[in-house]
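# Structure assessment
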Amino acid sequence: MQISRLRAQNLRKIRSLEIAPSPQLNLIWGANGSGKTTLLEALHLLNSAKSFRSSGFKDLVTHQENKFGVSAQLLDIDGEQRSVRVQKSEKATRIEVDGLAVTSAATLAQTFPLLLVDPHSFGIVEGGPRIRRSLIDRAVFHVEPEFISAARSYLNGLAQRNALLKTRQRSAQLDYWNHEVVSSGERVHQARLRCVEYINSALATETTLSGMLGRISLKYRQGWREGASLLEALERQEPTEWQAGQTMSGPHKAELIIQTEGETLARVASRGQIKAVVFLLMTTLCDYIRSSRGIRPILMVDDFGAELDDLMLGLTLKMVRGTGAQAFLTTIHSHLARNVSTSADTLFHVEQGAVGPVS
Ligand SMILES: Nc1ncnc2c1ncn2[C@@H]1O[C@H](COP(=O)(O)OP(=O)(O)OP(=O)(O)O)[C@@H](O)[C@H]1O
Ligand SMILES: [Mg+2]
């Protein structure tokens, strides 16, 4: 999937924007506060009706205005035109996909896969397990669309099971919820496992970054005792769970540990190295989506180059190009903008919320 035209009105500092991005690399260059991250927010809004920075409508709409809108024309793999549009006012959100109003923002996410690397992406390596679980889950969702219904059933079953456990009144109803949680939980686990296996086989052949940091891999802990089925784990833990009032095992407890040579990466790597590994993971996820579904994801990188030396910069840029994904990279550095652009790339300059191509 590729964005052939992007429009935004009254989004923060951007009063009116219309650009025709390159199908490959788009470099968005501008001073601090010029509106670069806002342009990425426009893309994110088209994918989820939400921003990745703040959820408040008042934060997003240009001061003194009462509504904002973003829209895009897309080209799918067969060259077919698609369109998405999101308009928001204080009280209402209108979402259109291919000219038809839709009620669920999940329909937007199904239209194109979008991956973001920004300064918060350090959390993928340094943060808690939830961040990594949700990263994998979002990628799996694009490759195995039925994953979303398994994940929803699991979370619903888990909530009901927890509500029952919280009563602390032992009841045979637990068997029913065990069954619900196990059937959806196994599907969630198997889908995650397929994704992790893809990533690990791709990482096993990566030589550049692993040449510096040692072999990088993902260790997947499924969230219950290895070697046991989920049902066995739940049954075994039943007495403790009645006491605790909550479910202590299952895919919601899964953990993904990013390792180098068996060591937890966050403990041994520098900031710049961690950032490079984030690029490696995100670009591997792009490949996973592309090779499994034939869909080219869209990759956004905010503050590209921050905290990276020239070697890492060249390396991460190579990774981004290697995905073949349409990429949107922001930077404050004019020299970077000039160095990285080739004839297939488009360089945009942002100034006071106005965006134009650089000749
Ligand atoms: N609702 C709003 N209405 C008008 N302007 C806004 C609104 N919200 C934020 N701004 C302005 O938008 C600018 C921030 O835009 P943005 O974060 O996209 O800049 P940036 O180019 O990414 O900057 P940096 O390089 O520092 O990350 C700030 O100048 C801010 O004052
Ligand atoms: Mg910014």
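What counts, and at which threshold
Every chain begins its residue count from 1, and numbering advances along the sequence as written. Chains and ligands are labelled sequentially in the order written, the chains with letters from A and the ligands with numbers from 1. A pLDDT threshold of at least 70 governs which residues receive local features in this predicted model, and a stricter bar of 80 or more applies before side-chain atom pairs are shown or counted, although totals over entire chains, interfaces and linings include all residues. Using a C-beta atom placed from the backbone, a residue is described as near a molecule or strand when that atom lies within 6 Å of it. In this description a helix means any DSSP run of H or I spanning at least four residues, a strand means any run of E spanning at least two, and both kinds are numbered starting from the N terminus. In this count, Pro and Cys sit with the nonpolar residues alongside Ala, Val, Leu, Ile, Met, Phe, Trp and Tyr, while Asp, Glu, Lys and Arg are called charged and the others, Gly among them, polar. For a helix, the expected span equals 1.5 Å multiplied by the residue count minus one. Exposure criterion: with C-beta atoms placed from backbone coordinates, a residue whose C-beta has 20 or more other C-beta atoms within 10 Å is buried, one with 12 or fewer is exposed, and one in between is partly exposed. In this description, one arc is meant: the one made by directions from the helix axis to the C-beta atoms. Any pair of residues counts as being in contact when their C-beta atoms, constructed from backbone geometry, are within 7 Å of one another. Strands pair, by our definition, only if DSSP identifies at least two bridges between them.

## Some words on the site of ligand 1
- Not every one of the 15 residues close to ligand 1 is listed here, only the nearest: Asn32, Gly33, Lys36, Thr37 and Thr38.
- In terms of residue count, the dominant contributor to the shell around ligand 1 is helix H1 (residues 36-48) (3 residues).
- Grouping the constituent residues of the shell around ligand 1 by class yields 2 nonpolar, 9 polar and 4 charged.

## Thoughts on helix H5 (residues 129-143)
- If you check H5, its first and last C-alpha atoms are 21 Å apart, about what 15 residues at 1.5 Å a residue would give, namely 21 Å.
- Among all positions of H5, only Arg132, Leu135, Ile136, Ala139, Val140, His142 and Val143 are buried. Angularly, the buried residues of H5 cover 160° about the axis, an arc narrow enough to put them on a single face. The exposed set on the far side of H5, more than 90 degrees from its buried face, consists of Arg130 and Ser134.
- Contacts from the buried residues of H5 go to helix H4 (122-126), helix H6 (147-167), helix H7 (173-204), strand S10 (255-260) and helix H11 (271-293).

## Some thoughts on the pairing of strand S6 (residues 93-97)
- For strand S5 (residues 81-89) and S6, the ladder comprises 5 bridges, and the chain directions are antiparallel. Residue pairing in the sheet places Arg85 in a bridge with Glu96 of S6.
- In sequence, S5 turns back onto S6 through a hairpin of 3 residues.
- Pairing of S6 with strand S7 (residues 100-102) involves 3 bridges; the strand directions are antiparallel.

## Re unusual backbone geometry
- With a phi close to 55°, Arg168 is a non-glycine residue in the positive phi region.
- Residue position: Arg168 is located in the loop between H6 and H7.

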